[in-house]
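Chain and residue survey
Chain residues, written in single-letter form:
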Amino acid sequence: MTTNTTNSAAARELNDELMVELRGVNKWYGQFHVLKDVNLEVRKGERIVICGPSGSGKSTTIRCINRLEEHQKGDIIVGGTTLNNDLKNIETIRREVGMVFQHFNLFPHLTVLENCCLAPIWVRKIPRKEAEAMAMKYLERVKIQDQALKFPGQLSGGQQQRVAIARSLCMNPQVMLFDEPTSALDPEMIKEVLDVMIELAQEGMTMICVTHEMGFAKTVADRVIFMDKGQIIEENDPHNFFNHPQSERTQLFLSQILQH
Amino acid sequence: MQSDAKKSPSAPSTKTRFWHDPAKRALVFQILLVLGVFAVLWFIVQNTLHNLESRGITTGFAFLSQEAGFGIIQSLVEYSESSSYGQTFLVGLLNTILVSALGIFFATVLGFIIGVARLSNNWLVAKLASAYVEIFRNIPLLLQIFFWYFAVLRALPSPRQSFQPFDNVFLNVRGLFMPQPMPQQGFELVWWALLIAIAGSVVLARWSKKRQDATGQLFPVYKTALALIIGLPLIVFWLSGSPLTWDEPALRGFNFRGGMTIIPELAALLVALSIYTAAFIAEIVRSGIQAVSKGQTEAASALGLSKAKVLRLVVIPQSVRVIIPPLTSQYLNLIKNSSLATAIGYPDLVSVFAGTTLNQTGQAIEVIFMTMLVYLTLSLLVSAFMNWFNTRMALVER
Amino acid sequence: MSNLSKVRHDMLPNLPPPASSVGVIGWMRANLFSNITNSVLTLFALYLLYILLTPTISWVFINSDWTGSSRDACTSGGACWVFVANRFDQFMYGFYPEAEIWRINLTFLLLVAQVLWLMLPNLPYKGMVAAVVLLVFPILAYFLLYGGSFGLEVVETHKWGGLSLTLVLAIVGIVAALPFGVLLALGRRSEMPIVKSFCVVYIEFWRGIPLITVLFMASVMLPLFVPEEMNFDKLLRAMIGIVMFQSAYMAEVVRGGLQAIPKGQYEAAQALGLNYWKMMVFVVLPQALKLMIPGIVNTFIALFKDTSLVLIIGLFDLLAIVQAGLTDPKWLGFSVEGYAFVAFVFWVFCFGMSKYSQHLENRFHTGHGSR
Ligand SMILES: Nc1ncnc2c1ncn2[C@@H]1O[C@H](COP(=O)(O)OP(=O)(O)OP(=O)(O)O)[C@@H](O)[C@H]1O
Ligand SMILES: [Mg+2]
């Protein structure tokens, strides 16, 4: 486990600048209390992994960060801007926050290249040529440049997910959110997506990943966060999180997940 | 099929037996079908010839050039009692096309509005739109036509007591009377201005796309084009000294003369057709939009696209493909349903041709044949156009 | 222990949501007044409802007259339901002799019993009942309604009318069109070019022309097509036209059902050595028919509404008989009441059936993963 520590925050010089901050966030679905007093600070360049049992509110937490879900209490601050009901404000924040979904959500009516160029052209107002060149650059980085003119339906799941990552990167986001990006994939495809994510982490991207890939958490995470029943139960650096879990719930969860 | 086999001539039993060869089986079956169809046709033709003869009706299309001898309350071309049945046919056809085209236009506009309203996040608006759909699509169209015609329009006051919603607009039991614009000398310039504005908008759209590709800057094409298309003709109209007079309707005796008239038959048919078909179109639009999964809108908004752009760039292109095929069949239904005109006496094709002309001439075969041919051709044309449109959309997208 | 470590041993309690987001107020805020546009829309919709509903409710219920025997009973200024009440029997049964009306009632009672049997889940012998409905019941219904044997007096079809005629036309149209529809659909999917093109032409022809021209054709051309001594009565001619027309629509419904059966089913049946007809009858059609029920109900709704067109060739269905009643000099001026009544009857039938078909569709779609 010694290699891991070189990656963890203790060894890495982290910027003090806060990228994402959740302060006492509470959310209800009707009467159901999904998020209970969630506090989280993510610094620039930090890599966070969130794990926890199904239905614990992991997706809800990160979807609140780019306002796909609305929270009812507490503050969410992204890159210095506090989220509120103002549409312009929300659009500004979404521009700076990339998101990768479990089910890829590529636009089936556009080619891979067009998928990547859409937002740069219409949101960032970049000339098409430049947008395409940039898209090609990112597609190359996720090693899928030869598929640029195909439609999403013609690609495998792993390829689609890599396109989805490239699509987000084309907006030059400051933070990337991943919501179980590999859980809809076959084992051999999981690796190709994880490799891309690891590379991204090494380049210094701020990342918040909901994932159950513990190998990924051990290699790249600065911090692992365990959620249960809508609250953050435990957070720690990966080494201590996996080797010396403090809470009983965490121990139970880890023992279940590591059996597989 | 087994019984057919016994009827067929027994085959040489060398290799596979005749009846066990699927290809031969199919051949025999098809020959029998053709023979059967011909037998039925033969029976029909024989009987028809015999019946026509005994009734003293001559077949052929010569009647089309005979004088019709009846008037028609609305015609888009020159028509009088001394016109021929051929002209009757034409008048009916044009009236059918008129009400269908107008109906398609209004039903589409109304249907899209209500379909989108059904998805509104305003509960009350969504429920009102659902109520509209559930009420109007579950009541027979003929009944709705009767309601608008007999219960509403026929109950309007006589010309002398007309409603007057605006100056010079009169609504009474004879119809809706409005001033008719009469272009004077110099009005052509306005048409030219409109043409130029439209051409200009096309050029503008191309230019703005090029500029966006090159520099990334967006240009408000729709707004500018709209301003151009409305503004330019208006300016030209004003500069050329307003070359337009209005022919105003005026009460002469028992009715209005002059101006434009929308006869109540047309109004009732049009209102009923549009309202009825809009209910179906609304359903199509709703399900077409819902067919685009929530993940798509989420992904698009997560990229920072505004609500309007999410709709325009992601949702609409995908839902159009789902919407067009059923929309086409609604258009076809509307065209066919316009034939209910007969019931209230709007002079459409079925009413003046398959109705009056058939009764006067007795040429049932020819008249019904021509009428059916018209509907089949219209159906074919509309399907062909929508297919073309759909493949074009599909090609652009995939 | 690194400085990153944070643990929470206590579990936070479930708290009730802030008052502004739940309850009536929260619901209204989320669904009616979420922003300015929405608030304006809500107020506008409320206003619209107000101006539409208040006069309607007062006309239909509050200021209306229900009992009496002539128009003089209508004094309240609202709807005069006396008109409908007085002619109710005629609207239901047409000119069917009063002493024989029990025959219509019995027929429809039998039908309703059988259909309920088929619709209610968990009742046994559904296949048998369906066979009875499709094969035995039509014959029985013919003898009951038309008469002529078993000591029943003949009631000529020109005396039939009203809602019962509407139902007879629609039900005959659907039941008789079903077998033709199945054959046409199989033909359209067949690999024999002549059979296929014949079916395609037949289907597209009937789907391309309006029902009115079909009815015209049935009433003026059909008599020309057959030997002079065969003369059909008007109702039968209309029925023939409707069935030929409806078969084409039915064929498309059946085709849709057939297409929904996965290819594996055909292959499995063939692998078991079943020939074409056995495969269709024992494997494919039973599955497809179940999937087709919503489609069949939908075409039934369409036909049910369309039967009102027979008015144009002089049959007295529900709409026609009300329309005729409106021209009665004793009851002039009650067209809105008449139409409202017909609309209500049609609406109840069509809405009920469409809800049923939606319910079936939803039931078929569950279990396919609802993402
Ligand atoms: N739109 C919604 N309406 C009501 N309840 C919801 C909604 N979305 C999620 N929930 C509930 O909120 C809880 C948290 O959901 P969330 O998707 O955040 O869980 P998760 O931790 O991501 O689980 P998983 O690992 O299964 O993705 C779950 O119990 C879920 O049932
Ligand atoms: Mg989740």
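Residues numbered from 1 in each chain as written. Chains lettered and ligands numbered in written order. Predicted model: local features only at pLDDT ≥ 70, side-chain atom pairs only at ≥ 80, totals over all residues. Heavy atoms only, no water.

In this section: the overall build of chain C. Along chain C, the regular secondary structure elements total 14 helices and 1 strand. Against the 2.2 N^0.38 benchmark of 21 Å for 371 residues, chain C shows a C-alpha radius of gyration of 28 Å, more extended than a compact globule. The principal-axis extents of the C-alpha atoms in chain C amount to approximately 105 × 75 × 40 Å. Out of the 371 residues in chain C, the part that is buried amounts to 44%. Partitioning the contacts of chain C with sequence separation of at least 6, the portion at a separation of at least 24 is 64%. On chain C, roughly 19,600 Å² of surface is accessible, and the fraction owed to carbon and sulfur atoms is 68%. Charge-centre separation for chain C: the mean point of 23 positive side chains lies 16 Å from the mean point of 20 negative side chains. (Helix = DSSP H or I, 4+ residues; strand = E, 2+ residues; numbered from the N terminus. Rg over C-alpha atoms; globule rule 2.2 N^0.38 Å. Buried < 20%, exposed > 50% of the residue type's maximum accessible area, 1.4 Å probe, protein only. Contact = heavy atoms within 4.5 Å. Areas by Shrake-Rupley, 256 points an atom, 1.4 Å probe, with all protein chains shown as cover. Lys, Arg positive; Asp, Glu negative; His and termini not counted. Charge placed at Lys NZ, Arg CZ, Asp CG, Glu CD.)

Under the counting rule described, the total for this entry stands at 1 disulfide over all chains. Put simply, Cys 74 of chain C and Cys 80 of chain C are joined by a disulfide, and their sulfur atoms are 1.8 Å apart. Between Cys 74 of chain C and Cys 80 of chain C, the S-S dihedral sits near 55 degrees, and the bridge is therefore right-handed. A residue is classified by how much of its surface remains accessible, and Cys 80 of chain C, at 1% relative accessible area, is buried. Its sulfur unpaired, Cys 117 of chain A is 6.6 Å from the next cysteine sulfur, which belongs to Cys 170 of chain A. Judged by relative accessible area, which is 3%, Cys 117 of chain A ranks as buried. (Disulfide = S-S within 2.5 Å.)

In this section: the nonpolar core. Of all hydrophobic cores here, the largest spans 165 residues; its most connected members are Phe 353 of chain B together with Phe 91, Leu 258 and Leu 318 of chain C. Counting residues in each nonpolar core, the second largest holds 100 residues, with Leu 68, Ile 76, Leu 155 and Ile 232 of chain A among its members. (Core = buried A, V, L, I, M, F, W, Y, C linked by side-chain atoms within 4.5 Å.)

The next point concerns the UniProt feature "domain: ABC transporter" (unreviewed entry) in chain A. Here, UniProt's "domain: ABC transporter" (unreviewed entry) annotation points to residues 20–254 of chain A. Helix makes up 39% of residues 20–254 of chain A and strand 26%, and the two end C-alpha atoms of the span are 27 Å apart. (UniProt positions renumbered as here; feature names shortened; annotations may be inferred.)

Taking burial as the measure, the 11 residues of helix H4 (residues 112–122) of chain A include 10 buried ones, the bulk of the element. Val 112, Leu 113, Asn 115, Cys 116, Cys 117, Leu 118, Ala 119, Pro 120, Ile 121 and Trp 122 of chain A are the residues of H4 of chain A that are buried. Here the buried face of H4 of chain A lies against helix H5 (128–141) and helix H6 (157–169) of chain A together with helix H6 (188–215) and helix H10 (307–337) of chain B.

What follows is about the interface of chain C and chain B. Residue-level contacts link 56 residues of chain C with 52 residues of chain B. Summed over both partners, the interface of chain C with chain B buries about 4,700 Å², with 73% contributed by carbon and sulfur atoms. Summed over the shared surface of chain C and chain B, the number is 1 salt bridge. Close ionic contact of Glu 134 of chain B with Lys 355 of chain C constitutes a salt bridge, the shortest N to O distance being 3.6 Å. Residue contributions to the side of chain C that touches chain B peak at 12 residues, all from helix H14 (residues 335–365) of chain C. For the side of chain C that touches chain B, the per-class residue count stands at 41 nonpolar, 10 polar and 5 charged. (Buried area = accessible area lost by both parts, 1.4 Å probe. Salt bridge = Lys/Arg side-chain N within 4 Å of Asp/Glu carboxyl O. Nonpolar A, V, L, I, M, F, W, Y, C, P; charged D, E, K, R; others polar.)

The full count for this structure, using the stated rule, is 28 salt bridges over all chains. The closest approach of N and O atoms between Arg 128 of chain A and Glu 132 of chain A, which form a salt bridge, is 4.0 Å. Of the two residues, Arg 128 of chain A and Glu 132 of chain A both sit in helix H5, 4 residues apart, roughly one turn of that helix. Look at Arg 128 of chain A and you get partly exposed, because its relative accessible area is 27%. Exposure remark for Glu 132 of chain A: the relative accessible area of 29% places this residue in the partly exposed category. The residue Arg 87 of chain C makes a salt bridge to Asp 328 of chain C at a minimum N-O spacing of 2.3 Å.

All names here are of chain A. If you check the shell around ligand 1, you find Tyr 29, Phe 32, Val 34, Pro 53, Ser 54, Gly 55, Ser 56, Gly 57, Lys 58, Ser 59, Thr 60 and Glu 180 and nothing else. At a separation of 2.8 Å, an oxygen atom of ligand 1 approaches a polar side-chain atom of Lys 58. Measuring from an oxygen atom of ligand 1, one finds a side-chain N or O atom of Glu 180 at 3.1 Å. About the coverage of ligand 1: the protein hides 59% of its 630 Å² of free accessible area. Put simply, the parts of the chain that give the shell around ligand 1 at least two residues each are strand E2 (32–43) and helix H2 (58–65). The leading source of residues in the shell around ligand 1 is H2, at 3 residues. Each residue belonging to the shell around ligand 1 can be placed in one class, and the counts come to 4 nonpolar, 6 polar and 2 charged. (Near = heavy atom within 4 Å. Polar contact = N/O pair within 3.5 Å; in protein donor to acceptor, adjacent residues only side chain to side chain.)

When pLDDT is averaged across chain A, the result is 89; 94% of the residues are at 70 or more. Taken together, the stretch residues 1–10 of chain A has pLDDT below 50 and engages in 17 contacts with residues farther than four places along the chain or on a different chain. (pLDDT = per-residue confidence, 0-100.)

Time to look at the pairing of strand E7 (residues 175–179) of chain A. Residues and elements named next belong to chain A. Along E7, 5 of the 5 residues are buried, which leaves the element largely enclosed by surrounding structure. On E7, burial covers both faces: Val 175, Leu 177 and Asp 179 on one face and Met 176 and Phe 178 on the other are all buried. When strand E6 (residues 97–100) meets E7, the two strands line up parallel, connected through 4 bridges. Looking at E7, one finds that Met 99 is bridged to Leu 177. Across 5 bridges, E7 lies against strand E8 (residues 206–210) in parallel orientation. (Pairing = 2+ DSSP bridges.)

Residue and element names in this part refer to chain C. A surface patch of nonpolar side chains, about 1,200 Å² in accessible area, is lined by Phe 44, Tyr 47, Leu 48, Tyr 50, Ile 51, Leu 52, Leu 53, Ile 57, Phe 61, Ile 62 and Trp 66. Mapped onto the fold, Leu 52 is located in helix H2 (residues 36–62). For Leu 52, a relative accessible area of 53% corresponds to the exposed category. (Patch = residues over 30% accessible without salt bridge, like charges linked within 9 Å, V, L, I, M, F, W, Y side chains within 5 Å.)

Attention shifts here to helix H10 (residues 234–259) of chain C. Residues and elements named next belong to chain C. The first and last C-alpha atoms of H10 sit 38 Å apart over 26 residues, in line with the 38 Å expected at 1.5 Å per residue. At Ser 247, H10 shows its largest bend, some 25 degrees. Near the N-terminus of H10, the side chain that reaches the backbone nitrogen of Leu 235, with its oxygen 3.0 Å away, is that of Asp 233. (Expected span 1.5 Å × (residues − 1). Bend = angle between axes of the 7 residues up to and from the residue.)

A sheet is described by the order of its strands in space; here 7 strands give the open sequence E6(A)-E7(A)-E8(A)-E3(A)-E9(A)-E10(A)-E1(C), paired in mixed fashion. The outermost strands of the open sheet, each flanked by one partner alone, are E6 of chain A together with strand E1 (6–7) of chain C. Bridge count for strand E3 (residues 47–51) of chain A against E8 of chain A is 4 bridges, and the pairing is parallel. Across the sheet, residue Ile 50 of chain A finds its bridge partner in E8 of chain A, namely Val 210 of chain A. On top of the sheet, helix H3 (residues 87–96) of chain A reaches E6 and E7 of chain A; it is set at about 65 degrees to E6 of chain A, its chief contact. (Axes fitted to C-alpha atoms, helices over the stretch in contact; angles between N-to-C directions.)

Moving on, we come to the environment of Phe 369 of chain B. Residue and element names in this part refer to chain B. Along the chain, the position of Phe 369 falls in helix H12 (residues 364–397). Exposure remark for Phe 369: the relative accessible area of 47% places this residue in the partly exposed category. Measuring from C-alpha to C-alpha, the distance between Phe 369 and Gly 56 comes to 20 Å, with 313 residues separating the pair along the chain.

With 20 residues of chain C at the interface, the matching set in chain A holds 24 residues. When chain C packs against chain A, the two sides together hide about 1,900 Å² of surface, and 57% of this comes from carbon and sulfur. Counting the surface chain C buries against chain A, the share from its top three residues, Leu 4, Arg 8 and Met 11 of chain C, is 31%. At the boundary of chain C with chain A, the tally comes to 0 salt bridges. The interface formed by chain C and chain A holds 5 residue pairs in polar contact (both at pLDDT 80 or more) in total. Here the residues of the side of chain C that touches chain A are counted per class, giving 11 nonpolar, 5 polar and 4 charged.

Residues and elements named next belong to chain C. Tallied over the entire structure, the rule returns 38 aromatic pairs over all chains. Between Phe 83 and Trp 331, the aromatic rings sit 5.6 Å apart at their centres with planes inclined by 50 degrees, giving tilted as the arrangement. One end of the pair, Phe 83, is in helix H3 (residues 82–86); the other, Trp 331, is in the loop between helix H13 (318–326) and H14, and 248 residues separate them in sequence. The pair Phe 83 / Trp 331 is uniform in exposure class, with both members buried. Arranged with centres 5.5 Å apart and planes meeting at 20 degrees, the rings of Tyr 142 and Tyr 146 form a pair that is stacked. (Phe/Tyr/Trp six-rings, centres within 6.5 Å; stacked < 30°, edge-to-face > 60°.)

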